[in-house]
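What the coordinates show
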Number of protein chains: 2
Amino acid sequence: MYPRAVARLIEEFKRLPGIGPRTAQRLALYLLSAPREQAERLAAALKEARETTVYCSVCGNLTDVDPCKICADPARDHSLLCVVEEPRDLLAIERSGGFRGVYHILHGALSPLDGIGPEKLRLKELLTRLEKGEVTEVILATGPDTEGEATALYIRRLLEPLGVKVSRLAYGLPVGAEIEFADEETILRAIQGRRQIR
Amino acid sequence: MYPRAVARLIEEFKRLPGIGPRTAQRLALYLLSAPREQAERLAAALKEARETTVYCSVCGNLTDVDPCKICADPARDHSLLCVVEEPRDLLAIERSGGFRGVYHILHGALSPLDGIGPEKLRLKELLTRLEKGEVTEVILATGPDTEGEATALYIRRLLEPLGVKVSRLAYGLPVGAEIEFADEETILRAIQGRRQIR
């Protein structure tokens, strides 16, 4: 019923996570009736973000300089490494102001039902970093849900031969929720109350 | 905290209707981690839709040929004109299969609080069409909410001097809802039960 190009735009919006057919239609029609500059700005922002953004070769965070600002910052404590699932978790922890170490982003959590095994996570890169000997403590800040717990358990075992101190965020985090939705105070307490697990 | 290009992409998503900061962040991060082709396809679809889609010079619907397929279709009843607020309302009515006339899209409804007065709607174009004398009945299919009712009332008065038959969709539509969310049967009954208002 819609012109082919409009139908195609609706289809592309429908591919995005959490966007159903109604929302996809609404977004497409909005962008067609909005000032031409707005659609152009969105298309340009998409293109520029894809072209200028890379993953930091050290920690895996999104960055436009490699290594990223956090990894390159001599004022951060490079002996304290916080392992998170996604860049948005790093952002939430940074917002809490309670952490001055560095990060390692896994880009996921173990989830056998979704076919996400250890080989899909940035674990080889984690081991390579730890082999350099600078890190003395690894904080496992994977989510307080089943996948995050399984991932933390897996990494705890993986790091056992290395003799590095391993801790887990304190269960100040609401169980079953996601780190990105936690308030800053909760994240702060979870970092302060972290417990050593080996 | 995010690289500038990522922050800009999040900002552009936040400008879209119904997209809050969390959803904007999620969409941007998704498109950065998805296969490069997906972001490129979305940007290209946006560009193509804006470049190839125009509003039909007759009815105001989205189209890639002008006049649109409905306006150019000799099998449609060009004496029966259905006035709707938005292209998505036309689509919902077409899906019901209960209407074989033609359309006129207002691109909005009267809403004094939002600064939308009669001059913002395609009313001059409506009068121009009616002056040609081909149309014998105008069905006012604006929404069954306050703005839609006010718009229907305004158009009814506007058309009074023309002597054309004016009807309103029957209140089979759930009051306070929007046309685009009505099921097909409800829309069908609303068209069949339309009542003449002058």
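The rules we used
- Residues numbered from 1 in each chain as written.
- Chains lettered and ligands numbered in written order.
- Predicted model: local features only at pLDDT ≥ 70, side-chain atom pairs only at ≥ 80, totals over all residues.
- Heavy atoms only, no water.
- Helix = DSSP H or I, 4+ residues; strand = E, 2+ residues; numbered from the N terminus.
- Polar contact = N/O pair within 3.5 Å; in protein donor to acceptor, adjacent residues only side chain to side chain.
- Contact = heavy atoms within 4.5 Å.
- Least-squares fit on C-alpha atoms with pLDDT ≥ 70 in both.
- Buried < 20%, exposed > 50% of the residue type's maximum accessible area, 1.4 Å probe, protein only.
- Buried area = accessible area lost by both parts, 1.4 Å probe.
- Salt bridge = Lys/Arg side-chain N within 4 Å of Asp/Glu carboxyl O.
- Axes fitted to C-alpha atoms, helices over the stretch in contact; angles between N-to-C directions.
- Parallel < 35°, antiparallel > 145°, perpendicular 65-115°, else oblique.
- Left-handed = near helix turned anticlockwise from the far one by under 90°.
- Nonpolar A, V, L, I, M, F, W, Y, C, P; charged D, E, K, R; others polar.
- Pairing = 2+ DSSP bridges.
- Right-handed = clockwise from strand over helix to strand, strands pointing away.

Residue and element names in this part refer to chain A. Of note, Thr142 is situated in the loop between strand S5 (137–140) and helix H6 (146–159). A polar atom in the side chain of Thr142 sits 2.8 Å from the backbone oxygen of Gly148. Here Thr142 is in contact with Val83, Glu85, Leu106, Gly148, Thr151, Ala152, Arg168 and Ile179, once residues within four sequence places are set aside.

Let us look at the relation of the copies chain A and chain B. For these two chains of identical sequence, chain A goes onto chain B by a turn of 180 degrees and a shift of 0.0 Å along the axis, with RMSD 0.1 Å. What we have between these two chains is a two-fold relation. Identified as the residue of chain A closest to the rotation axis by C-alpha distance is A:Ala43, at 2.3 Å. Most of the interface of chain A is mirrored in chain B: 100% of its interface residues are interface residues there too.

Now for the environment of B:Arg129. Residue and element names in this part refer to chain B. Along the polypeptide, Arg129 turns up in helix H5 (residues 123–131). Taking relative accessible area as the criterion, Arg129 reaches 15% and is therefore assigned buried. Sequence separation of Arg129 and Thr52 is 77 residues, and the distance between their C-alpha atoms is 25 Å. In contact with Arg129, not counting residues within four places along its chain, are Val58, Cys59, Cys71, Leu81, Val102, Tyr103 and His104.

On to the interface of chain A and chain B. Taken together, the contacts link 53 residues of chain A with 53 residues of chain B. For the pairing of chain A and chain B, the buried interface totals around 5,400 Å² over both sides, and the portion due to carbon and sulfur atoms is 63%. Counting the surface chain A buries against chain B, the share from its top three residues, A:Arg26, A:Leu46 and A:Arg50, is 14%. Our enumeration of links across chain A and chain B arrives at 6 salt bridges. B:Glu48 is the partner of A:Arg4 in a salt bridge, and the nearest nitrogen-oxygen pair spans 2.7 Å. On the surface where chain A and chain B come into contact, there are 14 residue pairs in polar contact (both at pLDDT 80 or more). Elements with a minimum of two residues in the side of chain A that touches chain B: helix H1 (4–14), helix H2 (21–33), helix H3 (36–52), strand S2 (62–63) and helix H4 (87–96) of chain A.

Before going further, it helps to examine the packing of H3(A) against helix H3 (residues 36–52) of chain B. One way to put it is that H3(A) packs onto H3(B) with a least axis distance of 10 Å and a crossing angle of 160 degrees. Here H3(A) lies roughly antiparallel to H3(B), going by the angle between them. Read as a crossing pair, H3(A) and H3(B) show a hand that is left-handed. From H3(A), A:Arg36, A:Ala39, A:Leu42, A:Ala43, A:Leu46, A:Arg50 and A:Glu51 reach across to H3(B), where they touch B:Arg36, B:Ala39, B:Leu42, B:Ala43, B:Leu46, B:Arg50 and B:Glu51. Broken down by class, the residue content of the contact of H3(A) with H3(B) amounts to 8 nonpolar, no polar and 6 charged.

All names here are of chain B. Bridge analysis of strand S3 (residues 77–84) against strand S4 (residues 101–105) gives 5 bridges, and the strand direction is parallel. Across the sheet, Val83 pairs through a bridge with His104, a residue of S4. Running through helix H4 (residues 87–96), the crossover from S3 to the neighbouring parallel element S4 is right-handed. Alignment of S3 against strand S5 (residues 137–140), held across 4 bridges, turns out to be parallel. Across the sheet, Leu81 pairs through a bridge with Val138, a residue of S5.

Read these as spatial facts, not as claims about activity.
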